[in-house]
Amino acid sequence: MIGKTSSINGFYKKTQTQRLKVVQDFSSLSKEECSLLQDCRALDFDRANRMIENVVSSFPVPLGIALHFLINEKNYFVPMAIEESSVVAAASYAAKLARHTGGFSVTTTNPIMIGQVQLKNISDGDHAILAIESAKQELLALANSCDPVLISVGGGACDIMCRYLATDRGAMLIVHLMVDVQDAMGANIVNVMGEKITRKLEAITGGRAGLRIVSNLTVNRMVHARVVWPCESIGSEVIESILDAYEWACVDPFRCATHNKGIMNGIDAVALATGNDFRAIEAGAHAYASLASNGYAPLTSYEKDANGNLVGELELPLAVGMVGGITQCHPVAKICLKILGVETASELACVMGAVGLAQNFAALRALVSEGISKGHMRLHSKNIAMAAGAPREFVDSIAKQMIDEGDISVSRARALVSERNTSG
Ligand code: MEV
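Calculation rules
- Residues numbered from 1 in each chain as written.
- Predicted model: local features only at pLDDT ≥ 70, side-chain atom pairs only at ≥ 80, totals over all residues.
- Heavy atoms only, no water.
- Helix = DSSP H or I, 4+ residues; strand = E, 2+ residues; numbered from the N terminus.
- Contact = heavy atoms within 4.5 Å.
- Areas by Shrake-Rupley, 256 points an atom, 1.4 Å probe, with all protein chains shown as cover.
- Core = buried A, V, L, I, M, F, W, Y, C linked by side-chain atoms within 4.5 Å.
- Buried < 20%, exposed > 50% of the residue type's maximum accessible area, 1.4 Å probe, protein only.
- Pairing = 2+ DSSP bridges.
- Axes fitted to C-alpha atoms, helices over the stretch in contact; angles between N-to-C directions.
- Parallel < 35°, antiparallel > 145°, perpendicular 65-115°, else oblique.
- Left-handed = near helix turned anticlockwise from the far one by under 90°.
- Near = heavy atom within 4 Å.
- Polar contact = N/O pair within 3.5 Å; in protein donor to acceptor, adjacent residues only side chain to side chain.
- Domains from an automatic or database assignment.
- Buried area = accessible area lost by both parts, 1.4 Å probe.
- Salt bridge = Lys/Arg side-chain N within 4 Å of Asp/Glu carboxyl O.

Caption draft 1: Quick look at the overall build of the protein. Looking only at helices and strands, the protein has 17 helices and 10 strands in total. In the protein, 72% of the contacts between residues at least 6 apart in sequence involve partners at least 24 apart. Counting only carbon and sulfur atoms, one obtains 53% of the accessible surface of the protein, whose full area is about 20400 Å².

Okay, structure coming up:
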């Protein structure tokens with residue numbers, strides 16, 4: 001096992017400063033990095049104003065650390081940026097259980113992205129495809145002339161494939177340019193390369209180019225995660241019920257959408273914390289799920305092994321980067337990558353795959369036992385107290401009283417706020 005342990009108990013009981021000290025020790029953060037995190041106002045106007053247009057402020061989201069993750073024998077503290085209560089706790093819980101059986105085993109394919117070029121007005125599809133095949137090396141060289149740095153680190157455009165599609169507005173030839181983008185998410189690189197080869201494609205096919213854009217269905221850039229949850233920790237009844245829940249998701253898109261949402265809770269939160277494009281990841285994940293023979297499938301699967309343990313697997317396309325985009329210019333994203341201690345984009349994808357699987361398991365386990373509301377509403381009770389107008393000094397006690405009474409609602413919180421106001 002590599003490095004310090006990520007299995008820290010009682011983290012939630014510590015103050016912000018104490019928690020940051022633990023993270024500082026685990027991830028060797030500097031004093032400046034810790035103060036930036038402590039400050040909670042880390043994205044100043046000037047930086048934000050350079051990222052998007054018409055900036056008026058920045059929008060803070062809580063940043064939590066999921067603990068206990070052991071992935072490919074390495075310990076990780078996993079930063080998660082998310083507004084939904086219980087997600088970070090659920091991921092940590094599932095990761096803690098998985099340590100008993102050696103943690104998560106995760107692999108990725110090479111980081112190959114697809115750039116698409118749409119060619120219209122093609123009179124002879126077969127002839128056009130043959131022409132592109134014959135010019136393949138020339139087209140790849142042209143694409144690669146855009147990015148010598150990518151070539152120098154072992155990446156670059158590596159293949160071309162054609163698809164002839166019938167549409168209501170006539171046939172179209174869609175050219176796929178495959179690019180090994182190494183540690184980048186790669187959308188920009190691929191878009192530039194697609195644009196670069198367009199004139200040549202038009203010249204050799206006689207077609208007229210339309211869109212040139214990356215595909216977010218990154219079927220050549222996949223992550224596969226596997227983990228065993230021991231029967232002795234979760235019990236055979238829970239395992240049977242999780243298997244039933246999984247089978248339901250397999251045949252019902254209404255349930256499957258929510259099943260997959262639970263997975264994306266984890267993946268998106270790490271994506272956001274590390275400055276990655278979670279919309280691209282979402283698009284790819286759901287498009288991949290819809291390639292299933294029945295129209296839409298779970299991104300995880302479950303079965304029992306010979307010893308009655310629960311084996312969970314996850315497979316989805318995952319295009320994430322550690323260079324380019326805002327990953328290196330958003331001050332908190334940079335620190336989050338440091339906390340994670342990942343060295344490549346593929347390693348980051350491995351962490352996200354493990355978190356997605358952990359998140360899905362934790363949601364299913366809660367759903368088949370006490371139900372989701374208990375844990376969720378427990379943590380959410382403080383939000384409800386605040387939404388009902390509870391002054392800061394009463395938030396904790398009102399939240400606790402609602403939990404004790406089993407009535408966690410805005411109406412109850414309002415009543416408790418006015419009780420305290422009148423008695424105070
Ligand atoms: C809530 O954000 C996610 C769940 O709905 C996932 C699921 O139902 O599997 C709890």
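From this point, the discussion proceeds with the structure in view.
Caption draft 2: Seen up close, the nonpolar core. Counting residues in each nonpolar core, the largest one holds 64 residues, and the members touching the most others are F69, V78, M80, F104, W229 and Y302. A per-element tally of this core places helix α14 (residues 345–368) first, with 13 residues. Excluding residues that lie within four positions of it along the chain, W229 makes contacts with A94, L97, A98, F104, I234, Y302, N309, L310, G312, L357, A358 and F361. Within the second largest apolar cluster, 31 residues are counted, among which are M113, L140, M185 and A319.

Caption draft 3: Quick look at the sheet that holds strand β5 (residues 156–165). With antiparallel pairing, 4 strands are arranged side by side in an open sheet as β5-β6-β4-β7. Of all strands in the sheet, those with a lone pairing partner are β5 and β7 (208–215), marking the two edges. Taking each pair of neighbouring strands and ignoring which way they run, the sheet shows an average axis angle of 20°. Across 6 bridges, strand β4 (residues 112–120) lies against β7 in antiparallel orientation. Its bridge partner lying in β7, G115 is registered against V214. Packing against the sheet, helix α5 (residues 125–134) makes contact with β4, β5 and β6 (172–180), and its axis sits at approximately 175° to β5.

Caption draft 4: Main features of the packing of helix α11 (residues 253–273) against helix α12 (residues 278–289). Here α11 crosses α12 at 155°, and the two axes come no closer than 10 Å. Compared by their axis directions, α11 and α12 come out roughly antiparallel. Considering how the two elements wind past one another, α11 and α12 form a crossing that is right-handed. Between α11, through N260, M264, I267, D268, A271 and L272, and α12, the contact on the second element is made entirely by F278, I281, E282, A285, H286 and A289.

Caption draft 5: Fine view of the site of the ligand. In the vicinity of the ligand, the contacting residues are E84, R255, T258, H259, K261, G262, N265, A363, L367 and I372. Within the contact set of the ligand, an oxygen atom lies 2.7 Å away from a side-chain nitrogen or oxygen of K261. Between an oxygen atom of the ligand and a side-chain N or O atom of N265, the distance comes to 2.9 Å. For the ligand, the protein covers 85% of the area, taking 300 Å² as the surface of the free molecule. Of all elements in the fold, only α11 and α14 reach the threshold of two or more residues within the shell around the ligand. For the shell around the ligand, the element with the most residues is α11, which contributes 6 residues.

Caption draft 6: Expanded view of the domain arrangement of the protein. Looking at the assigned domains, one finds that the protein contains domain 1 (11–109 + 221–369), domain 2 (112–214) and domain 3 (374–423). Here the C-alpha centroids of domain 1 and domain 2 sit 33 Å apart. In this complex, domain 1 contributes 10 residues to the contact, which on the side of domain 2 involves 7 residues. Sorting the residues of domain 1 by area buried against domain 2 places R221, A319 and V323 first, and these three jointly supply 60% of that buried surface. Summed over the shared surface of domain 1 and domain 2, the result is 0 salt bridges.

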